[in-house]
Amino acid sequence: MILHYFNAFANLRLVQNGTLGLYLIHRQKKNKIRQAFSSCCCKRENFEQQKNKLSIHYITDNLSRIMMLILYILINISLLIYVTIYRVTTTKSHGLVVVARICGMLLNFNCAFIIVLMLRQTILLIRSNRALRKLIPVDDHIDFHGVVGRVIIALVFSTCYCTHSIYCSDDELFHGDISSNEIFLWKYSNLVTFVLLFFKFFMNLGIGWVNGFAPLSGIILLLILVTMAICSMQWVRSGGHFGIFYWTHLLYLPFYVFLILHARDFWKWIVGPLSIFLLEKLYSIFARYTSGIGRTFIHTVTIEQSNVISLTIHRPKHFSFQPGDYVSINLPRVALYEYHPFTISSAPEETDLIRVHIQAVGNWTKRVYKRFDEMSDEEALENQVGISHADIHPQEFAAHAQNLEQTEIDEVEVERIENFRTESDVREGKREPIFVKGPYSSCARYVFDCKHVVLIGGGIGVTPYASILSSLMAQFCASSIIFDFVWVNRDYKNFEWFLNLLRQFEQEQENYLALNPNEKRFLDLHLYFTGIKHEDNIGNAPLELATRVFAQVAGHDIFTSLKSKTNFGRPSWEKIFNRFISGENASTSRDVSVFFCGPSSMGEAIKRESAICHFRYFEEKF
């Protein structure tokens, strides 16, 4: 009511003064001028972005990325030159045959290299070593995986085009220098000719590593690759169809089987990466179904607001992780074979539990939410899982959250004492089973190696920082790092599930500073509520006035009950970042590291501003 009062009061005063109409007209003219100015300056902004990418600071900050890209390009060029010299000078091949041979050789390398980019346990070891992770840009392995995938697609279709365009006689076709690695499609004038040639391929022995199998395997490989490429598009993965992406990506198994059978020499390229990959997979399967590592049960479930669900999982005895790590989880009673990645939101110091937060946006996540939201008390008792509904009674839940958490820990201790009985319960299906695969590392592991850390989360992208802040709260007495936490969300209700942790941290920091007056604050919170746009509320002045008056009277924010102020509208990254490096006792630009997890559109703006300010930028990706 106080917000409506201030809003109505401000509008009334503007109308009484005869300034509201003039104000709105002025704003409309201002918006048109701004749009025209933005259009005129678009080219200049693009020029400035390209200029920043060529700066010394940009090259220094991205040296490992640039060197890795150069190395990748040089390897491909070297293979290209080798095949060209050999085919032109030794075999005197046709020009298109040379191009097809080049594509075949590059396919050998890239199809082997793309496996290296997804060796998760190897990447975990590299991230754990500070020297190695400076030399090898492991944070970009997913992006690089996508780049190499696009190169493979381009090479395949180039090979198809070359072999389709070559006019060959029967002798050339079956006894010449066109090998099985380039045979996908052949030139045909009509359907009859194509069918005759197609069957002639299969009747002819000696094509490919397995006699007569090269043409069919080539067509199968092309179909598999096209299917995987289409289902890996961003609109599929982020459009609530992650299951389609997941299952079609498993086609890499038959893809490599057919590729080894199709290409005579491919096994020489794949034997090393594939051996490491298979070892990692065997370890993953072993760990996944071992009770002390990956096989466990759900202890409690909290139905949060805004379609978010929190799973508190019994932490296996030998499961260890670092802040910011993520896991892939499987709920067999929801979907027997589906694994989905989620960031661990609890701290490593919480030795008895693992907590993950899941937002119901896709098919699988909606089924998880529905299962526990609609679970009856009898079924919950039978499955020995505690279910709390913070979405129904948010204030009561927040008031008793700390007691509930302590109860959870005490009950987990009992379960550890009764370990043998617990494991038998899981095997017999009396508990709510869950299989945990991981942990897998992310760039968030670097947080405690920095001097000034800026954590930026957009929406549910805050979960990696829940673990970091929880860990910081457990060890803040020994920490000399400066933290700034920025959370951008559409609705203040979306803060509810995370606010309890922030309140605890604020209180503990205040208590610590009271006992140690010579110490400085090491965490500042910056919360942004974008649900009310600037244009919709006359500059937000009435709302800001109401919140400021309320904070002065009550001593905390009207929305979050935090001492930190809630800001309205989208943040100005330029102003925020300049604040970190200006003023007394400010950090230098080389000391500031920005960590972001959230929508890609927001990430682009933050990355651009970080480059301007010469901050190191890290982005959470799965």
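Residues numbered from 1 in each chain as written. Predicted model: local features only at pLDDT ≥ 70, side-chain atom pairs only at ≥ 80, totals over all residues. Heavy atoms only, no water.

The next thing to look at is the overall build of the chain. Summing up its helical and strand segments, the chain has 25 helices and 13 strands in all. Split into buried and exposed, the 622 residues of the chain put 45% on the buried side. Long-range pairs, those at least 24 residues apart, make up 72% of the contacts in the chain with a sequence separation of at least 6. (Helix = DSSP H or I, 4+ residues; strand = E, 2+ residues; numbered from the N terminus. Buried < 20%, exposed > 50% of the residue type's maximum accessible area, 1.4 Å probe, protein only. Contact = heavy atoms within 4.5 Å.)

Residues annotated by UniProt as "transmembrane region" (unreviewed entry) correspond here to residues 66-86, 98-119, 188-207, 213-232 and 244-263. The distance from the first to the last C-alpha atom of residues 66-86 is 30 Å, and the span holds 100% helix and 0% strand. Taken end to end, residues 244-263 is 85% helix and 0% strand, and its two terminal C-alpha atoms sit 29 Å from one another. (UniProt positions renumbered as here; feature names shortened; annotations may be inferred.)

Overall, the coordinates contain 12 salt bridges when judged by the stated rule. Salt-bridge contacts for Asp265 lead to Lys268; the nearest nitrogen and oxygen are separated by 3.6 Å. Classification of Asp265 by relative accessible area gives partly exposed; the value is 38%. Glu432 is the salt-bridge partner of Arg371, the closest N and O atoms lying 3.0 Å from each other. Placement of Arg371 in helix α16 (residues 363-373) and of Glu432 in the loop between α20 (419-428) and β7 (433-440) is noted, with a sequence separation of 61 residues between them. Shared partners join several salt bridges into a network, and the residues in it are Arg333, Arg371, Glu379 and Glu432. (Salt bridge = Lys/Arg side-chain N within 4 Å of Asp/Glu carboxyl O.)

This next bit is on the packing of helix α4 (residues 63-89) against helix α5 (residues 95-116). Two numbers describe how α4 lies on α5: the axes approach to 9 Å, and their chain directions differ by 145°. Helix-helix and strand crossings are classified by hand; for α4 and α5 the assignment is right-handed. Side by side, α4 and α5 meet where Tyr72, Ile75, Asn76, Leu79, Leu80, Tyr82, Val83, Thr84, Arg87 and Val88 of the first sit next to Val98, Arg101, Ile102, Met105, Leu106, Phe109, Asn110 and Phe113 of the second. (Axes fitted to C-alpha atoms, helices over the stretch in contact; angles between N-to-C directions. Left-handed = near helix turned anticlockwise from the far one by under 90°.)

For the rest of this paragraph, the subject is the packing of helix α11 (residues 214-231) against helix α13 (residues 242-249). Remark: α11 packs on α13, axes separated minimally by 9 Å, with the N-to-C direction vectors making an angle of 155°. Relative to α13, α11 is oriented roughly antiparallel. Both α11 and α13 take part in a crossing whose hand is left-handed. Counted together, Thr227, Met228 and Cys231 of α11 and Ile244, Phe245, Thr248 and His249 of α13 form the full contact between these two elements. Along the lines of polarity and charge, the residues of the contact of α11 with α13 split into 4 nonpolar, 3 polar and no charged. (Parallel < 35°, antiparallel > 145°, perpendicular 65-115°, else oblique. Nonpolar A, V, L, I, M, F, W, Y, C, P; charged D, E, K, R; others polar.)

Moving on to helix α6 (residues 120-128). For α6, every residue scored as buried is listed here: Ile123, Leu124, Ile126 and Arg127. Axial view of α6: buried residues confined to an arc of 165°, hence all on one face. (Arc of directions from axis to C-beta.)

With that out of the way, let us pick up the environment of Leu106. Relative to the elements of secondary structure, Leu106 occurs in helix α5. Sequence-wise, Leu106 and Leu79 are 27 residues apart; in three dimensions their C-alpha atoms are separated by 6.9 Å.

This brings us to the environment of Thr84. In this fold, Thr84 is placed in helix α4. Spatially, the C-alpha atom of Thr84 lies 8.1 Å from that of Val99, the residues being 15 residues apart in sequence. Here Thr84 is in contact with Val98 and Ile102, once residues within four sequence places are set aside.

In space, the 6 strands of this open sheet follow the order β11-β10-β9-β8-β12-β13, with parallel pairing throughout. One side of each edge strand has no neighbouring strand; the edge strands of this open sheet are β11 (566-568) and β13 (616-619). The average undirected angle you get between the axes of adjacent strands in this sheet is 20°. Where strand β9 (residues 482-489) and strand β10 (residues 523-529) come together, 7 bridges link them in parallel fashion. Residue pairing for β10: Val486 is matched across the bridge by His526. Here helix α21 (residues 463-475) sits on the sheet and contacts β8 (452-458), β9, β10 and β12 (592-597); the angle it forms with β8, its principal contact strand, is near 140°. (Pairing = 2+ DSSP bridges.)

A separate point is the packing of aromatic side chains. The relative placement of two aromatic rings is captured by the distance of their centres and the angle of their planes. Tallied over the full model, the rule gives 23 aromatic pairs. With 6.5 Å between their ring centres and 70° between their planes, Phe109 and Trp269 make a pair best called edge-to-face. Of this pair, Phe109 sits in helix α5 while Trp269 sits in helix α15 (residues 266-288), placing them 160 residues apart in sequence. An aromatic cluster is built from Tyr72, Phe109, Phe113, Phe144 and Trp269, whose rings are joined through pairwise contacts. Looking at Arg288, its charged tip hangs above the ring of Tyr339, at a distance of 4.8 Å from the centre. (Phe/Tyr/Trp six-rings, centres within 6.5 Å; stacked < 30°, edge-to-face > 60°. Lys NZ or Arg CZ within 6 Å of the ring centre and 35° of its normal.)

Let us look at the state of the cysteines. In this structure the tally under the stated criterion is 0 disulfides. With no disulfide of its own, Cys597 has Cys443 as its nearest cysteine by sulfur position, at a separation of 8.4 Å. A residue is classified by how much of its surface remains accessible, and Cys597, at 8% relative accessible area, is buried. (Disulfide = S-S within 2.5 Å.)

Moving on, we get to the side chain of Asn62. Position of Asn62 among the secondary structure elements: in the loop between α3 (56-61) and α4. Side-chain polar atoms of Asn62 contact the side chain of Arg65, separated by 2.9 Å. (Polar contact = N/O pair within 3.5 Å; in protein donor to acceptor, adjacent residues only side chain to side chain.)

The next thing to look at is α11. For α11, spanning 18 residues, the distance from its first C-alpha to its last is 26 Å, which sits close to the expected 26 Å at 1.5 Å a residue. Along α11, the residues that are buried comprise Ala214, Pro215, Ser217, Gly218, Leu221, Leu222, Ile224, Leu225, Met228 and Cys231. (Expected span 1.5 Å × (residues − 1).)

Put simply, Gly438 and Pro439 share a cis peptide bond, and its omega is 5°. Mapped onto the elements, Pro439 comes out in strand β7. In this structure, Gln384 is a non-glycine residue whose phi angle is positive, near 55°. Examined against the element boundaries, Gln384 turns out to sit in the loop between α17 (377-382) and β6 (386-389). Gln384 sits in the partly exposed class, given a relative accessible area of 29%. Its identity is not glycine, yet His614 carries a phi of approximately 65°, on the positive side. Here His614 lies in the loop between α25 (600-613) and β13. Residue His614 is classed as partly exposed on the basis of its relative accessible area, which comes to 24%.

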